[in-house]
Amino acid sequence: IKGIGPKRARLLEKLGITTIQEALFCFPRRYEDRRRIEKIARLRPSDKPTTIYGIVRASGVTVSPKQHAKIFELMIGDDTGVFTAKWFNQAFLKKIFTPGTRVVLSGKITLKRYGGLEMIQPEYEILDEADADAELLHTGRIVPIYALTEGLYQKEMRKVMKQIVDQFAESAEETLPLDLRRKYQFLPLCEALRRVHFPEQTEDVELLNLEKSPAHHRLIFDEFFLLELGMGLRQHHV
């Protein structure tokens, strides 16, 4: 898989992922709804992730003696106002967020110490003209949240999983007989795998987090079906 070298392979192995098949069946542990993009003027403090879109107005790096950290501060604006986002010890972001860059941010909105609102350590996606109609991966959609291990981050994991799902979900061997799939109106296995990792925009986030989406129904049924088969074969053997 492109982007997986020895170091990242060792990290994935800690999660029990050493093959394409194991990756396809390593499902997200929860989902965040980042479909709705809020106008800056309408932002309010919130514990739930909020998604905003804007153009970079200015950026800079300051040093905080109290926190012993370099703080990268970004100002982005839309047609309703200007907003601030901050990252700690990520000064390299100044090369990414150049003035005029279009960006989508997702994170929790908090109150500044002396008034105003900001995002701390938000996830981001940079957009250019070629990406105007491209599919967003980390923002502006229902975003899968995976189990991680130290040294592996959500954005990295998402990129790897998207690549694997796009290239190999179609190759997953169908396990259920056609009559069972028709009887219970189950999704094909390949479609269930695609949608459990990267849900469609019309999905219900609450059902996804309760593992009651159509994709979850299909995959959970598979587990019980195989368990019943195994028990039946064992009983028959005895």
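Refer to the preceding data block for the structure.
What this report covers is the structure whose coordinates are included nearby. (Residues numbered from 1 in each chain as written. Predicted model: local features only at pLDDT ≥ 70, side-chain atom pairs only at ≥ 80, totals over all residues. Heavy atoms only, no water.)

**Quick notes on the overall build of the chain**
Right, on to step 1. Helix and strand counts for the chain come out as eight helices and nine strands.
Right, on to step 2. In the chain, which comprises 238 residues, the share counted as buried stands at 41%.
Right, on to step 3. Of the contacts formed within the chain by residues at least 6 apart in sequence, a portion of 60% connects residues at least 24 apart.
Right, on to step 4. Carbon and sulfur atoms provide 54% of the accessible area of the chain, an area that totals close to 14500 Å².
Right, on to step 5. Side-chain charges in the chain split into 37 positive and 33 negative, and the spacing between the mean points of these groups amounts to 7 Å. (Helix = DSSP H or I, 4+ residues; strand = E, 2+ residues; numbered from the N terminus. Buried < 20%, exposed > 50% of the residue type's maximum accessible area, 1.4 Å probe, protein only. Contact = heavy atoms within 4.5 Å. Areas by Shrake-Rupley, 256 points an atom, 1.4 Å probe, with all protein chains shown as cover. Lys, Arg positive; Asp, Glu negative; His and termini not counted. Charge placed at Lys NZ, Arg CZ, Asp CG, Glu CD.)

**Details of a nonpolar patch on the surface**
Right, on to step 1. A cluster of nonpolar side chains, namely I220, F224, L227 and M231, defines an oily patch on the protein surface of about 390 Å² accessible area.
Right, on to step 2. Secondary-structure assignment places L227 in helix α8 (residues 214-237). (Patch = residues over 30% accessible without salt bridge, like charges linked within 9 Å, V, L, I, M, F, W, Y side chains within 5 Å. Salt bridge = Lys/Arg side-chain N within 4 Å of Asp/Glu carboxyl O.)

**Digging into the pattern of salt bridges**
Right, on to step 1. The full count for this structure, using the stated rule, is 16 salt bridges.
Right, on to step 2. For E118, the salt bridge identified is with K86, shortest N-O distance 3.3 Å. Of the two residues, E118 sits in strand β7 (residues 117-120) while K86 sits in strand β5 (residues 82-88), which places them 32 residues apart along the sequence. Per residue, the accessibility class of E118 equals that of K86, and both read buried.
Right, on to step 3. Taking the shortest distance from any N to any O, the salt bridge between E170 and R194 comes out at 2.9 Å. Here E170 is found in the loop between α4 (154-168) and α5 (178-184), whereas its partner R194 is found in helix α6 (residues 189-197), with 24 residues between them in sequence.

**Details of the pairing of strand β8 (residues 123-127)**
Right, on to step 1. By the criterion of burial, β8 is predominantly enclosed, with four of the five residues buried.
Right, on to step 2. Relative to β8, strand β6 (residues 102-111) is paired through five bridges, and the arrangement is antiparallel. Its bridge partner being in β8, R102 is matched across the sheet by L127. (Pairing = 2+ DSSP bridges.)

**Describing the packing of aromatic side chains**
Right, on to step 1. Evaluation of the coordinates by the stated rule reveals ten aromatic pairs.
Right, on to step 2. Seen from their ring centres, F97 and Y124 are 5.1 Å apart, and the 65 degrees between their planes marks the pair as edge-to-face. With a gap of 27 residues between them, F97 in the loop between α3 (93-96) and β6 and Y124 in strand β8 connect regions that are remote in the sequence.
Right, on to step 3. We classify Y124 as buried; its relative accessible area is 16%.
Right, on to step 4. An angle of 20 degrees between the planes, with centres 5.8 Å apart, marks the rings of F221 and F225 as stacked. Taken as a pair, F221 and F225 lie in helix α8 at a separation of four residues, close to a single helical turn.
Right, on to step 5. Of the residues examined, F225 reaches a relative accessible area of 23% and is grouped as partly exposed.
Right, on to step 6. Ring pairs connect the aromatic residues F72, W87, F97 and Y124, which therefore count as one cluster.
Right, on to step 7. Lying over the aromatic face of Y124, K155 brings its terminal NZ or CZ to 3.6 Å of the ring centre.
Right, on to step 8. One residue, K162, lies across the ring of F198, its end atom 5.6 Å from the ring centre. (Phe/Tyr/Trp six-rings, centres within 6.5 Å; stacked < 30°, edge-to-face > 60°. Lys NZ or Arg CZ within 6 Å of the ring centre and 35° of its normal.)

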